[in-house]
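Structural overview
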Amino acid sequence: MRSLWREILLETLLGYVSWSLCHGLAPMIYYFPLQTLELTGLEGFGIAFLSPIFLTINPFWKLVNKKWMLTVLRIITVGSIASFQVPNAKLRLVVLALGVSSSLIVQAVTWWTGSGLQRYLRTWGFLLGQILLVVLRIWYTSLNPIWSYLMSNRVILTLSAIATLDRISTDKDGDCSKLEGKKTSQAAKGMVCGPHWSLAGAAFGSLMFLTHWIFGEVSLVSRWAVSGHPHPGPDPNPFGGAILLSLVSGLMLSTCSWFLDTSLIWWVTGAASAVGLLYLPTWAAAVSGCVLALFTASMWPLVLGHLIGSGSNPGKTLTIAMTFYLLDTFFCAWCTAFKFVPGGVYARERSDVLLGTVMLIIGLNMLFGPKKSLDFFLQTKNSPKVLFRKSEKYVKLFLWLLVGVGLLGLGLRHKAYEKKLGKRAPATEVSAAIWPLRFGYNNEGWSSLEKSAQLLNQTGADFITILESDASKPFIGNNDLTMWLGEKLGFYTDFGPSTRDHTWGIMVLSRYPIVRSEHHLLPSPEGEIAPAITLTVNISDKLVDFVVTHFGNHEDDLDRKLQAIAISKLLKSSSGQVIFLGYITSAPGSRDYQQLVEHGNVKDIDSTDLDRWCEYIMYRGLIRLGYARISHAELSDSEIQIAKFRIPDDPINYRDNQKIVTDHREVPEKIHFSSRFGSYKEGHNYENNHHFHMSTPKYFL
């Protein structure tokens with residue numbers, strides 16, 4: 001046997017690729033209905049997860065066990081990493097789906113054939129790959145580098161190609177198909193049908209989804225547990241380190257000799273932690289999340305052992321597994337996107353049903369599956385037990401090495417972020433902007449974060465509300481956009497409402513400290529759940545309130561009516577100085593617009609701008625200075641709106657500006673909008689650049 005360290009490193013890298021392909025397909029599918037707000041038919045590419053069904057056909061199973069065919073499948077798998085570099089989204093989806101299909105078949109062949117030690121290293125490589133994934137996401141501030149940057153994609157593609165060529169040479173030596181003997185041969189050909197193969201498959205698919213859903217990135221638990229300031233719950237950094245430690249500790253726990261004797265008690269503990277994460281507030285939910293991470297990771301060796309040792313044909317078992325994974329993923333999407341999908345009314349906000357079902361299936365597998373470890377199913381009489389023990393030692397050492405790398409990344413990021421905060425000179429002017437980000441994907445389906453950060457920085461806005469920003473869901477990418485933009489720009493942040501509240505999310509970025517905030521779920525009896533956040537920000541020792549919101553769809557008239565009433569009450573109860581930034585899907589002068597203006601006691605930043613539909617900026621107790629609209633240039637589907645205000649020294653005796661001018665030379669230079677976006681422009685800007693448009697910028701005297 002070649003160097004164990006070398007084998008562990010190579011299998012870990014390939015395990016990371018396998019997880020990344022799995023994580024990458026769902027967001028790529030989701031991109032297309034995101035553009036149309038309805039199903040497109042391309043959701044059918046999810047069938048790629050069911051490729052193991054072909055392995056139930058005996059001639060196909062024999063074919064994929066041939067060295068040349070396995071080589072082809074390995075090359076397709078690693079080659080699909082290059083899908084990130086193709087010219088359009090549909091082609092990327094096709095290539096990625098092929099990669100996922102091939103990856104699952106390769107897993108079936110390599111997990112069910114070969115020597116016991118080889119299979120041990122391959123399965124543990126898969127688990128180590130998940131830990132490597134979350135560690136890399138720490139260093140890339142929640143993004144998976146394989147799907148975020150061209151350079152990192154190329155580097156990972158190159159390293160994976162080297163690892164794949166090494167595995168191909170191993171296959172050519174015959175190591176993957178000869179050394180296991182009768183026990184493996186029978187299992188691989190489906191000659192022995194264990195009584196629990198279907199339950200083992202269901203448990204594997206459910207556990208894979210649970211890991212992806214809640215622990216695909218270490219900041220996710222914090223976003224489930226988040227609340228308003230000054231007690232928002234644990235910050236993703238550094239609390240993500242506790243999640244990483246819990247995941248690795250769970251894997252360590254599974255190797256303890258007494259672990260298998262605690263199945264019922266341990267499952268009850270895991271189920272209780274799932275309930276706590278779903279229903280408890282802030283820190284209690286976060287602690288529950290740590291316990292659930294410990295439970296989830298500890299289940300992996302057991303479930304993998306049951307999967308491989310079920311005695312069934314790999315095609316049957318893995319097809320059941322991936323069917324459950326696929327159904328769980330779609331149901332998760334249905335819970336939030338219920339307004340746009342068939343049967344959505346039955347899945348609306350039912351994450352409790354989803355999480356409960358997942359935990360129940362895992363529990364049934366624990367209670368009724370064999371009380372045997374992964375090692376038991378992989379060792380035979382001829383297995384080198386010394387090498388197994390040595391491999392386990394190396395795996396543990398590598399896990400702790402990954403923990404150290406992950407914690408180092410969190411520490412360095414936290415230190416850099418703290419240095420950026422509060423770097424703003426005292427001012428009496430404040431600029432506020434609103435922008436729907438579309439979850440960090442541009443109109444072509446690629447990550448837009450780097451360009452978005454550059455654009456937001458160029459606006460010079462002091463306070464930014466970003467809508468459609470909760471990308472912490474598995475079908476959107478498990479990305480924490482709030483943390484990424486906050487650290488990139490050096491802004492204080494607020495994220496809400498909680499991911500478990502099934503909204504599309506609101507992010508707040510502020511140059512100035514957020515004193516307090518409250519997250520709201522607006523009345524939404526018919527349509528998607530509408531979120532809102534009310535905040536108080538300390539701007540140079542002056543407190544200014546902000547109300548930010550995202551109303552439901554135009555078609556849901558009752559929802560919009562009730563939401564406008566709720567927001568007008570929040571505005572009315574705010575302090576004398578308040579800025580409203582909202583996406584209200586109603587025309588100027590409409591019923592909902594009037595509700596906000598009249599009953600919320602606020603003024604429109606520019607009541608003469610009648611060519612608006614969704615985004616609005618309103619205010620009270622401030623002096624308006626300027627208003628601009630900046631074209632999106634395909635970075636999103638919506639423009640940026642930005643307004644500038646002066647905070648009056650006397651909030652009671654002051655005069656607001658009434659005169660509108662479009663010549664920037666008539667106003668002081670310090671209140672000019674950035675010249676980066678050109679000059680005054682009438683009508684839409686259809687060019688592919690960010691430019692003022694729609695008869696802006698305007699200034700007020």
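The rules behind the values
- Residues numbered from 1 in each chain as written.
- Predicted model: local features only at pLDDT ≥ 70, side-chain atom pairs only at ≥ 80, totals over all residues.
- Heavy atoms only, no water.
- Core = buried A, V, L, I, M, F, W, Y, C linked by side-chain atoms within 4.5 Å.
- Buried < 20%, exposed > 50% of the residue type's maximum accessible area, 1.4 Å probe, protein only.
- Helix = DSSP H or I, 4+ residues; strand = E, 2+ residues; numbered from the N terminus.
- Contact = heavy atoms within 4.5 Å.
- Axes fitted to C-alpha atoms, helices over the stretch in contact; angles between N-to-C directions.
- Parallel < 35°, antiparallel > 145°, perpendicular 65-115°, else oblique.
- Nonpolar A, V, L, I, M, F, W, Y, C, P; charged D, E, K, R; others polar.
- Left-handed = near helix turned anticlockwise from the far one by under 90°.
- Pairing = 2+ DSSP bridges.

Here we come to the nonpolar core. Of all hydrophobic cores here, the largest spans 170 residues; its most connected members are Phe204, Ile214, Met299 and Trp300. Counting residues per element, this core draws most heavily on helix 1 (residues 4–36), which supplies 18 residues. Once residues lying within four places of it in the same chain are set aside, the contact partners of Met299 are Leu207, Phe259, Trp266, Ile362 and Met366. If you look at the next biggest cluster of nonpolar residues, it comprises 29 residues, including Val544, Ile605, Tyr627 and Phe645.

Now for the packing of helix 1 against helix 9 (residues 197–215). Helix 9 packs onto helix 1 with a crossing angle of 75° between their chain directions and a minimal axis gap of 12 Å. Classified by the angle between their axes, helix 1 and helix 9 sit roughly perpendicular to one another. Counting all contacts with helix 1, which are made through Trp19, Cys22 and His23, the residues of helix 9 involved are Met208, Thr211 and His212. When grouped by side-chain class, the residues that make up the contact of helix 1 with helix 9 number 3 nonpolar, 3 polar and no charged.

Further remarks concern the packing of helix 13 (residues 282–308) against helix 16 (residues 351–368). Contact geometry for helix 13 and helix 16: axes closest at 11 Å, N-to-C directions at 50°. Relative to helix 16, helix 13 is oriented oblique. The two elements helix 13 and helix 16 meet at a crossing, and its hand is left-handed. Together, Leu292, Phe295, Met299, Leu302, Val303 and His306 of helix 13 and Met359, Ile362, Asn365 and Met366 of helix 16 make up the contact between the two elements.

Further remarks concern the environment of Phe677. Residue placement: Phe677 occurs in the loop between strand 13 (660–661) and strand 14 (698–700). You can call Phe677 buried: its relative accessible area is 1%. For the pair Phe677 and Ile434, spaced 243 residues apart in sequence, the C-alpha to C-alpha distance is 16 Å. In contact with Phe677, not counting residues within four places along its chain, are Leu455, Gln458, Thr459, Ile630, His690, His691 and Phe692.

This paragraph deals with the sheet that holds strand 8 (residues 578–583). The 6 strands are arranged 5-6-7-8-10-9 in an open sheet whose pairing can be described as mixed. The two strands at the open ends of the sheet, each matched to only one other strand, are strand 5 (514–521) and strand 9 (603–604). In the sheet, strand 8 pairs with strand 10 (residues 615–620) via 6 bridges, with the strands oriented antiparallel. Across the sheet, the residue bridging to Leu581 is Ile617, located in strand 10. Running at roughly 15° to strand 10, helix 22 (residues 591–599) makes contact with strand 8, strand 9 and strand 10 of the sheet.

Worth remembering: the numbers are spatial, not functional.
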